[in-house]
Amino acid sequence: MGEGIATLAIEEQLQQISLKLLDETRVLYEFLSNTSNSNVNAMQIYSKVNGIKNDIEVSKYRLGEYIFKIREGLLDKDLYVEILNNLEKVSQNLDAATYRLSVILSKQMNIDNVINRLLIVICEKIITSITYFIETLRLLSVNPKNSYENARNVIKLEQEIDELYRSLELALFEKKLADFSYIMLLKDIADRLEDSEDLLKSSADNITYIAYERM
């Protein structure tokens, strides 16, 4: 198998994993947007996210095995593997964030409106970031220059999410809430989302290296 066909196959599978990641993020976004709805079944929503996460892990191991089998002569194999591992970690972060949110709501704790809104905006930006990332992968073999530009958009979003994260952290600790476990659960949700964008940014950096080789 030629390297060109192999890289196309790898990039297509990375796109498919990223699309699943987009679905997982959208479920969390809808969950955050409906925290005040008493009819929401928190554990049922978590189960859906967990199912997507498990599916991503299976896809990750299959693609990892494929890369390992054809690694000889595959120029960017290390970059592809790092991207693959990063996407799995993002999925695991989203799963963990959703579980913590489900715990908060199952214990009938009310999430502060300001903090909830900041989490929603961060989630919206992660959805945008993943959408750009999918485009970087789609265009990588077709139009490397446009792929590079989409990757740069992911990198810019990481800076915006960092600013939102700092605002959320400040808002959280200014509340001076008595329930320390509640504070830590919300802080961990924010940490998981912020780390997810860091991982997407790292993956976008890797795409820029591959795209630059092809321009």
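In this report, we go over the structure that sits alongside the text. (Residues numbered from 1 in each chain as written. Predicted model: local features only at pLDDT ≥ 70, side-chain atom pairs only at ≥ 80, totals over all residues. Heavy atoms only, no water.)

Here's the deal with the packing of aromatic side chains
Then step 1. What the rule picks out here adds up to 1 aromatic pair.
Then step 2. Ring centres of Tyr46 and Tyr99 lie 5.2 Å apart, and the angle between their planes is 65°; this geometry places the pair in the edge-to-face category. In this pair, Tyr46 sits in helix α2 (residues 42-69) while Tyr99 sits in helix α3 (residues 77-106), placing the two residues 53 residues apart along the sequence.
Then step 3. Look at Tyr99 and you get partly exposed, because its relative accessible area is 36%. (Phe/Tyr/Trp six-rings, centres within 6.5 Å; stacked < 30°, edge-to-face > 60°. Helix = DSSP H or I, 4+ residues; strand = E, 2+ residues; numbered from the N terminus. Buried < 20%, exposed > 50% of the residue type's maximum accessible area, 1.4 Å probe, protein only.)

What about the nonpolar core?
Then step 1. In terms of nonpolar packing, the biggest core is built from 67 residues, with Leu14, Leu119 and Leu186 touching the most fellow members.
Then step 2. Elements supplying a minimum of two residues to this core: α1 (3-33), α2, α3, α4 (113-139), α5 (144-174) and α6 (180-214).
Then step 3. Ignoring anything within four residues of it in the chain, the contact list for Leu119 reads Leu32, Leu168, Leu186, Ile189, Ala190 and Leu193. (Core = buried A, V, L, I, M, F, W, Y, C linked by side-chain atoms within 4.5 Å. Contact = heavy atoms within 4.5 Å.)

Some words on the pattern of salt bridges
Then step 1. Per the counting criterion, the structure on display carries 12 salt bridges.
Then step 2. A salt bridge links Arg214 to Glu11; the nearest nitrogen and oxygen atoms lie 3.0 Å apart. Highlighted residues: Arg214 in helix α6 and Glu11 in helix α1, separated in sequence by 203 residues.
Then step 3. Glu11 gets classed as buried once you look at its relative accessible area, which sits at 2%.
Then step 4. Asp188 is the partner of Arg100 in a salt bridge, and the nearest nitrogen-oxygen pair spans 2.3 Å. Placement of the pair is Arg100 in helix α3 and Asp188 in helix α6, with a sequence separation of 88 residues.
Then step 5. Through salt bridges that share partners, Arg100, Asp188 and Arg192 make up one connected network. (Salt bridge = Lys/Arg side-chain N within 4 Å of Asp/Glu carboxyl O.)

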